[in-house]
Every structure is written in C-alpha cells, then in structure tokens.
Amino acid sequence: GHAFAEGIAHNQSLRNIDINNLSNYGFTSVMRALRSLSQLEGLTIWPHENVDPDGWSELGTLLESGVCKLEHLHLSGNTYIGNAGMGVLSNGLRNVGSSLIGLFLNHNSIGNEGLSTLGEALQTCTSLETLVISYNDFSSAATVTGMGVLSNGLRAIGSSLNKLVLNAIRIGNEGLSTLVEALANCTGLKILSLSHNDFSSAAVGLGSLSDCLQ
C-alpha cells in the first residue's frame, strides 16, 4: 500500500484507479496520496473488509478536498461502509456533485439513515447519469422516509439521469408512489430496475410508473 501510494504521487496524469485488497494503513495512505491527482476521473474500490471508519473518513476527506473532480465512483461490495461511512461520504459527494456521472453503492450495508443522508447529497449531483444502490439494509417501515429524501435528490438530478437501479431495498407501496412522483422529472431515464422489492402487484404507483416510462 505504501509503495502504491508513492507511485501515485509520481504519476500526476493518472485518470482511473482500481484499488483492491489493501490493509487499513495502505488504504489510508492511498487515499491521502490521491489528493494530489487533479486529473483523476474514475475511482473503483473493490471490497475491503479491513478498512475501519477512519479509512473511509480519508475517502470522504479526498472528496471534500475538491482537488479531483470524479466522474465515476464505484464502492460496491464494501459492507463496512454502513450509515456512518455514508454520512462521511455524503459530505464529500457534495463537493464532486457537479462532475459525478456514475455512482455505484451496491451491498454497502447502508440503512435508512444512510439513505436519507445520500438523498440530501444527491441534490448537488446535477450531472449524474447512473445511480445504483441495490442490496442495502433499508427496513420497509422507515424506507418511506428515506425514499422521500432520495426522491428529492432525484428531482434535482432531473433529466440527466438515464439509469436507476434500486433492486432489493424494500421499497413498499408508499415508497413506490413517492419514487414515481420524482421520476416524472427524470425525463431522460432509459433504464429502471426495481426487482426484489416489497411493493405488491396492486400498488397504486405501478400505473403511474408505466406512464413515466412511456
């Protein structure tokens, strides 16, 4: 990790980086080194089970620095992020929001609190084209609130959004209705995936959803 971080410091023209299987120390060192890469556009962090909250905080600090204007951020599979990590990362997302095109947050153990925090941050991500937040830990009882905040974020993104994947996050009938209202603003949406959720085939929002996608 340390050698990798030193290599980054000497390659200022790097635009895309994939990070895998680092210790917490190595991860932290790399996050700090990335602050020098003003041309960085894509960052993929494969599943890391050894990174503690301080390590994810360094990623948040990287995003908050505003040095690199990321276009793609892939964090899927990092189950240790959770609500606390999402809170830190959301602060950073507000600083890269205008440049971010793709955000991938599958299997990140994000709960209802994290969903609400993410929804608030998305209101600054006005160029976002792809959003994937499937297979997280939202509970159906509170997802309505979280979906409300997320929907506000989707309204702000509006016509730039063309792919939205919300599989297996326990969207119920009420949450679906809230989502559908927001999607009316997403006139550029081409791909929508809502499989393995909790709304029934008789959900009121399904008819409206069909209207949105016509």
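Here, every reference points to the structure presented above.
1. Considering the side chain of N108
Point 1. As for its placement among the helices and strands, N108 is situated in the loop between strand 4 (102-104) and helix 5 (112-122).
Point 2. Note on N108: relative accessible area 0%, which makes it buried.
Point 3. Within the structure, the side chain of N108 is placed 2.8 Å from the backbone oxygen of L75, a separation counted as a polar contact.
Point 4. Residue contacts for N108: discarding those within four places in its chain leaves L75, S76, G77, N78, T79, I81, G82, Y135 and N136.

2. Some thoughts on the nonpolar core
Point 1. Ranked by size, the top nonpolar core spans 59 residues in total, and within it L34, L43, L59, L103, L131 and L154 carry the most contacts.
Point 2. Per-element accounting of this core gives the leading share, 5 residues, to helix 7 (residues 173-183).
Point 3. Excluding residues that lie within four positions of it along the chain, L154 makes contacts with L131, L161, L164, L179, A182, L183 and C186.

3. A closer look at the sheet that holds strand 6 (residues 163-165)
Point 1. Spatial strand order, 1-2-3-4-5-6-7: 7 strands in an open sheet with parallel pairing. Because the sheet does not close on itself, it has two edges, and the strands there are strand 1 (16-19) and strand 7 (191-193). Averaged over neighbouring strand pairs, the angle between their axes works out to 5° when direction is ignored.
Point 2. With 3 bridges joining them, strand 3 (residues 72-74) and strand 4 adopt parallel strand pairing. Across the sheet, L73 pairs through a bridge with L103, a residue of strand 4.

4. Considerations on the pairing of strand 2 (residues 42-45)
Point 1. Here strand 2 shows a buried face lined by G42 and T44 and a second buried face lined by L43 and I45.
Point 2. Note: strand 1 against strand 2, 4 bridges, orientation parallel. When the bridges of strand 2 are listed, N16 appears paired with G42.
Point 3. Where strand 2 and strand 3 come together, 3 bridges link them in parallel fashion. Residue pairing for strand 3: T44 is matched across the bridge by H74.

5. Describing the packing of aromatic side chains
Point 1. Scanning the entire structure with this criterion turns up 1 aromatic pair.
Point 2. A ring pair is formed by F27 and W56, whose centres lie 5.1 Å apart and whose planes are at 65°; its orientation type is edge-to-face. Of the two residues, F27 is situated in helix 2 (residues 24-33) and W56 in helix 3 (residues 53-65); the sequence distance between them amounts to 29 residues.
Point 3. With relative accessibility at 0%, the residue F27 sits in the buried group.
Point 4. For W56, a relative accessible area of 2% translates into the label buried.

6. Here we look at the state of the cysteines
Point 1. Under the definition given, this model contains 0 disulfides.
Point 2. Here C125 stays unpaired: no disulfide links it, and the sulfur of C186, its closest cysteine neighbor, is 13 Å away.

What counts as what
Residues numbered from 1 in each chain as written. Predicted model: local features only at pLDDT ≥ 70, side-chain atom pairs only at ≥ 80, totals over all residues. Heavy atoms only, no water. Helix = DSSP H or I, 4+ residues; strand = E, 2+ residues; numbered from the N terminus. Buried < 20%, exposed > 50% of the residue type's maximum accessible area, 1.4 Å probe, protein only. Polar contact = N/O pair within 3.5 Å; in protein donor to acceptor, adjacent residues only side chain to side chain. Contact = heavy atoms within 4.5 Å. Core = buried A, V, L, I, M, F, W, Y, C linked by side-chain atoms within 4.5 Å. Pairing = 2+ DSSP bridges. Axes fitted to C-alpha atoms, helices over the stretch in contact; angles between N-to-C directions. Phe/Tyr/Trp six-rings, centres within 6.5 Å; stacked < 30°, edge-to-face > 60°. Disulfide = S-S within 2.5 Å.

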